[in-house]
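Commentary on secondary and tertiary structure
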Amino acid sequence: MVSIKPSFFIFIICIFWCFVLLNLSLVNASVGYDHHAITINGQRRILISGSIHYPRSTPEMWPDLIQKAKEGGLDVIQTYVFWNGHEPEQGKYYFEERYDLVKFIKLIQQAGLYAHLRIGPYVCAEWNFGGFPVWLKYVPGISFRTDNGPFKAEMQRFTEKIVNMMKAEKLFESQGGPIILSQIENEYGPMEYKLGAPGKAYSNWAAKMAVGLGTGVPWVMCKQDDAPDPVINTCNGFYCDYFSPNKAYKPKMWTEAWTGWYTEFGGPVPSRPAEDLAFSVARFIQKGGSFVNYYMYHGGTNFGRTAGGPFIATSYDYDAPLDEFGLLRQPKWGHLKDLHRAIKLCEPALISSDPNIIRLGRSQEAHEFKSRSGACAAFLANYNPSSYAKVSYGNNHYNLPPWSISILPDCKNTVYNTARVGAQSAQMKFTPVYQHFSWQSYNDETASTDDSAFSVVGLLEQVNTTRDRTDYLWYMTDVKIDPNEGFLRGGKRPVLNVMSAGHALHVYINGQLAGTAYGSLEFPKVTFSEGVNLRAGINKISLLSLAVGLPNVGPNFERWNAGVLGPVSLSGLNEGRRDLTWQKWSYKIGMKGESLSLHSLTGVSNVEWVEGKFLSQRQPLTWYKTTFNAPHGNEPLALDMGAMGKGQVWINGKNIGRYWPSYIAKGSCSDCSYAGYFSEKKCLSYCGDASQRWYHVPRSWLKPTGNLMVVFEEMGGDPNWISLMKKEINSICSDINEWQPNLVNWHLKSSGKISRPLRPKAHLWCAPGQKISSIKFASFGTPEGSCGNYREGSCHAHKSYDIFERDCVGQAGCAITVEPELFGGDPCPNVMKKLAVEAICS
Ligand code: GAL
């Protein structure tokens, strides 16, 4: 018999336990999922996430944005990865400044939040070319987003590059980092449907390739119903409650809950009411959803030439909870914060069961969640968009406003209703901080055929010619006019007809601007057809064609043409119509000022600028420069470009983006109700005004003194009207029901400390550094209107102002209980009352 030594046993037991513990810790350290939720450290989580795209703000803004997201109740920050920003030239990478992805993810980690990395690398996102570098189009044999060898090789190379970078920095959760999820591709489902077999093969390949990278965290594919295991398919949209993942063992996730919509040049500015956004999120959670990402939580700015479209505006504000400048958008930010707190109170029940749905009326339902340990949470929904509903649930009655959901984290007491906004709202304003710049100007050339020009027979496609290094391409040709032409002797002027594939066109005849034409996001093509002044002999026709951002979405968007593709013709000549399409054309890529780098600190002195009475005003193709000192304070800054036409602005050599205030917003703007299904066309503003008038100037781009500002104006504008503004709170409002559900009340009631509900408080807080200077309006009773234009209703407590004047004026903020006695007594018993108050901050 072989005798086994006890020490050997101990050794074996040790190995066994080490193995078990190691395995356990591996399980704990990794992110997984099941039918109910994403699991982190083995724990199911209801996760609230928000998109912040790092290049749409500055690294100096990131900590504040992330902190405000955290205070708003977010667990996760989601971002796309922007390939064309990281690899502007093939094989030459850039990860600095606004593209410092590692820094961004580390800041998320430092704030104690998780990250969702949507690598794509196709990202859509209203970003130039959907995130693809333009050089990718010229890789031999390439075809984008399909079963194509060269494309897949490039996509894999970039995806690996990013994954390896994250791994090297230990940023995946499996390595102790913040990244809990990744994404491959973006909304590929509809494309796959169109492409058929090659589409299917490509998405299978993409999923397999991604999973093969071994990140230790799950991958998602959004809008991709057949996402192969283990990839989770997720939903994008204004509402996603109807959505179910393709397998019962995957959680129900919403990767893009649209908080508003993007602005296009020529379009009005969309917004989405906070009540409807909150309703859609509550509706998703009550149907078993466990991950919601706000797209966008902070939209930010399309700096430089990063806007896609074409025609996407420079502002990507998106009506997000944090505005373009990083300020809280109230009441949206606060109303969502309250929603997140309410949802988190329900988490133990939510992660434990599927909802039990109880019908409460024709358009009313309860969704009830229960855990084995006794937790119970209920959502009471009224889908009716126009009427209140009184429902009974359990042993109680509940009053539900139209199109709203009440949240009861204990199945008894309401802590939140999506249509009752307890958070304060804020009216923002732009105030001038610098208005009298002293400008100098330099006139760019109206095309001349210098050394950089080249000629060919016929018309060239623009992107192929410029490779998108500039917006501008000159098309120049000569036209000989016979002295015997009838129009020269008082006849009708000949008409120049130019057909362009997009996006905008300035027409010059013999150096004079003859007209401008442009398309729109929906119809990027341009037709120019106008009478022109020609003289006997040689005439120079110079067409300045402009790209206004490359397309980012649509089947084969990479093949969409831009530029003057013709035909180009002159009609009204003796011979009738003369086709110019196939004659000799000369080309020049970009403006002369661009080739001289006039926008930069080093290039600006390459030409002689003029000033004073020689300053060019209302002249097309004009460069302007000035210097200025940074204004005091730390409020965000913007340029008011209202008096300008179209162009670009640089501050200390950095491009703040394309401006185009002369493109007036067309559309129908009217008051919009939060109730009823939302669409991006429902709530619009600025119809008849500039689509975008104010352009963000990041504070961190300024030095204390001597900042260089350079403007390139294409159409003609008056720079003397350009002013630097600061954005700040003008007034704050609180508009709450006398029995508004609130968190303090809920805690006291649910813990049995009180039996009667407590009244809510009106919270009014100015921005840091500001104080309440006066009370513009206060009424307890039945006030009407909204923040900025309240008026008294038929019932009004005569002492409504007193308490606010006493306790709020002179303070940074205050909280006043909505108690009739404080306003001089109940002005109309047995009537539902509310308080509306507006305070001025300064
Ligand atoms: C989604 C897309 C996003 C963004 C959004 C509209 O379909 O995934 O990248 O383009 O539309 O803002």
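One structure accompanies this document, and this report is about it. (Residues numbered from 1 in each chain as written. Predicted model: local features only at pLDDT ≥ 70, side-chain atom pairs only at ≥ 80, totals over all residues. Heavy atoms only, no water.)

A word on the overall build of the protein
- On a plain count of helices and strands, the protein comes out with 13 helices and 43 strands.
- Its C-alpha atoms give the protein a radius of gyration of 31 Å, within 12% of the compact-globule value 28 Å for 842 residues.
- Taking the principal axes of the C-alpha coordinates as reference, the protein spans close to 100 × 100 × 55 Å.
- Relative to its full complement of 842 residues, the protein shows a buried share of 57%.
- Excluding contacts between residues fewer than 6 apart, the proportion of contacts in the protein whose partners are at least 24 apart in sequence is 73%.
- Positive and negative charge centroids in the protein, built from 83 and 75 side chains respectively, lie 3 Å apart. (Helix = DSSP H or I, 4+ residues; strand = E, 2+ residues; numbered from the N terminus. Rg over C-alpha atoms; globule rule 2.2 N^0.38 Å. Buried < 20%, exposed > 50% of the residue type's maximum accessible area, 1.4 Å probe, protein only. Contact = heavy atoms within 4.5 Å. Lys, Arg positive; Asp, Glu negative; His and termini not counted. Charge placed at Lys NZ, Arg CZ, Asp CG, Glu CD.)

Observations regarding the state of the cysteines
- Applying the stated criterion to the full structure yields 8 disulfides.
- Paired by a disulfide, cysteine 376 and cysteine 411 hold their sulfur atoms 1.9 Å apart. Because the sign of the S-S torsion sets the handedness, a value of about -80° for the bond joining cysteine 376 and cysteine 411 places this disulfide among the left-handed ones. With cysteine 376 in strand S15 (residues 376-382) and cysteine 411 in the loop between strand S18 (404-408) and strand S19 (416-417), the pair connects residues that are 35 residues apart, well separated along the chain. Comparing cysteine 376 with cysteine 411 shows no difference in burial state: the two are buried.
- Paired by a disulfide, cysteine 733 and cysteine 787 hold their sulfur atoms 2.2 Å apart. Handedness here is read from the sign of the S-S torsion; for cysteine 733 and cysteine 787, about 75°, the answer is right-handed. (Disulfide = S-S within 2.5 Å.)

Considering the site of the ligand
- Contacts to the ligand come from 15 residues, most closely from Tyr80, Ala125, Glu126, Glu187 and Tyr318.
- Between an oxygen atom of the ligand and a side-chain N or O atom of tyrosine 80, the distance comes to 2.7 Å.
- Within the backbone of alanine 125, an N or O atom sits 2.8 Å from an oxygen atom of the ligand.
- Isolated, the ligand exposes 310 Å² of accessible area, and the fraction of that covered by the protein chains is 94%.
- Its residues assigned to classes, the shell around the ligand shows 10 nonpolar, 2 polar and 3 charged. (Near = heavy atom within 4 Å. Polar contact = N/O pair within 3.5 Å; in protein donor to acceptor, adjacent residues only side chain to side chain. Areas by Shrake-Rupley, 256 points an atom, 1.4 Å probe, with all protein chains shown as cover. Nonpolar A, V, L, I, M, F, W, Y, C, P; charged D, E, K, R; others polar.)

Quick notes on the packing of aromatic side chains
- Taken as a whole and assessed by the stated rule, the structure comprises 63 aromatic pairs.
- Taking the centre distance of 6.2 Å and the plane angle of 50° together, the rings of tyrosine 294 and tyrosine 297 count as tilted. In this pair, the class of tyrosine 294 matches that of tyrosine 297, namely buried.
- Over the ring of tyrosine 316 we find arginine 56; its NZ or CZ atom is 3.6 Å from the centre of that ring.
- The ring of tyrosine 93 carries the charged tip of lysine 161 above its face, separated from the ring centre by 3.9 Å. (Phe/Tyr/Trp six-rings, centres within 6.5 Å; stacked < 30°, edge-to-face > 60°. Lys NZ or Arg CZ within 6 Å of the ring centre and 35° of its normal.)

Examining the environment of glycine 309
- With respect to the helices and strands, glycine 309 occurs in the loop between strand S12 (291-298) and helix H9 (332-350).
- Looking at glycine 309, the relative accessible area reads 8%, which means it is buried.
- It is 9.2 Å that separates the C-alpha atoms of glycine 309 and glutamate 522, two residues lying 213 residues apart in sequence.
- Beyond its immediate chain neighbours, meaning those up to four positions away, glycine 309 contacts Leu521, Leu550, Pro551 and Asn552.

Observations concerning the pattern of salt bridges
- Tallying each qualifying case throughout the model produces 46 salt bridges.
- A salt bridge links arginine 329 to aspartate 319; the nearest nitrogen and oxygen atoms lie 3.2 Å apart. One end of the pair, arginine 329, is in the loop between S12 and H9; the other, aspartate 319, is in the loop between S12 and H9, and 10 residues separate them in sequence. Considered together, arginine 329 and aspartate 319 belong to a single accessibility category, that of buried residues.
- Across the pair lysine 592 and glutamate 445 runs a salt bridge, and its minimum N-O distance is 3.1 Å. (Salt bridge = Lys/Arg side-chain N within 4 Å of Asp/Glu carboxyl O.)

Considering the environment of glutamine 811
- Looking at where glutamine 811 falls in the secondary structure, it is placed in the loop between helix H13 (802-807) and strand S42 (813-817).
- The class for glutamine 811 is partly exposed, based on a relative accessible area of 39%.
- Between the alpha carbons of glutamine 811 and lysine 771 there is a distance of 5.3 Å; along the sequence they are 40 residues apart.
- Sequence-distant contacts of glutamine 811, defined by excluding residues within four places in its chain, comprise Lys771 and Ile772.

Looking at the sheet that holds strand S9 (residues 232-237)
- Overall, parallel pairing links the 8 strands, which are arranged S4-S5-S6-S7-S8-S9-S10-S12 in a closed barrel. The average angle at which neighbouring strand axes cross in this sheet is 30°, direction not considered.
- The pairing of S9 with strand S10 (residues 253-258) spans 3 bridges and is parallel. Across the sheet, asparagine 236 pairs through a bridge with glutamate 256, a residue of S10.
- Across the sheet, helix H2 (residues 62-71) is in contact with strand S4 (47-52), strand S5 (76-80) and S12; its angle to S12 comes to roughly 140°.
- Contacting strand S7 (179-184) and strand S8 (219-222), helix H7 (residues 197-211) crosses the sheet at an angle of about 155° to S8. (Pairing = 2+ DSSP bridges. Axes fitted to C-alpha atoms, helices over the stretch in contact; angles between N-to-C directions.)

A closer look at the packing of helix H8 (residues 274-286) against H9
- Contact geometry for H8 and H9: axes closest at 10 Å, N-to-C directions at 15°. As judged from the angle between their axes, H8 and H9 are roughly parallel. Here H8 runs over H9; the crossing is right-handed. Counting all contacts with H8, which are made through Ala274, Glu275, Leu277, Ala278, Val281, Ala282 and Ile285, the residues of H9 involved are Lys332, His335, Leu336, Leu339, Ile343 and Leu350. (Parallel < 35°, antiparallel > 145°, perpendicular 65-115°, else oblique. Left-handed = near helix turned anticlockwise from the far one by under 90°.)

Side note on the sheet that holds strand S2 (residues 38-40)
- The antiparallel open sheet is built from 3 strands, whose spatial order is S1-S2-S3. Every interior strand has two partners, whereas the edge strands, strand S1 (31-33) and strand S3 (43-45), have only one. Each neighbouring strand pair of the sheet contributes to a mean axis angle of 40°, computed without reference to strand direction.
- Where S1 and S2 come together, 3 bridges link them in antiparallel fashion. Across the sheet, valine 31 pairs through a bridge with isoleucine 40, a residue of S2.

Quick word on the pairing of strand S23 (residues 472-481)
- Counting buried positions over the 10 residues of S23 gives 8, a clear majority of the element.
- Of the strand pairs in this sheet, S23 and strand S28 (residues 537-546) are connected by 10 bridges, and their pairing is antiparallel. By the bridge assignment, isoleucine 481 is partnered in S28 with glycine 537.
- Here S23 pairs with strand S31 (residues 584-589) via 4 bridges, running antiparallel. In the strand pairing of S31, tyrosine 475 is matched with tyrosine 587.

Some remarks on H7
- Here H7 spans 21 Å end to end across 15 residues, near enough to the 21 Å set by a 1.5 Å rise per residue.
- Of all the residues in H7, the buried ones are Gly199, Tyr202, Ser203, Trp205, Ala206, Ala207, Met209 and Ala210. (Expected span 1.5 Å × (residues − 1).)

With respect to the side chain of histidine 335
- You can see histidine 335 is positioned in helix H9.
- Contacts of histidine 335, omitting those with residues within four sequence positions, involve Ala274, Glu275, Ala278, Tyr416, Asn417, Thr418, Arg420, Val421, Gly422 and Ala423.

Read these as spatial facts, not as claims about activity.
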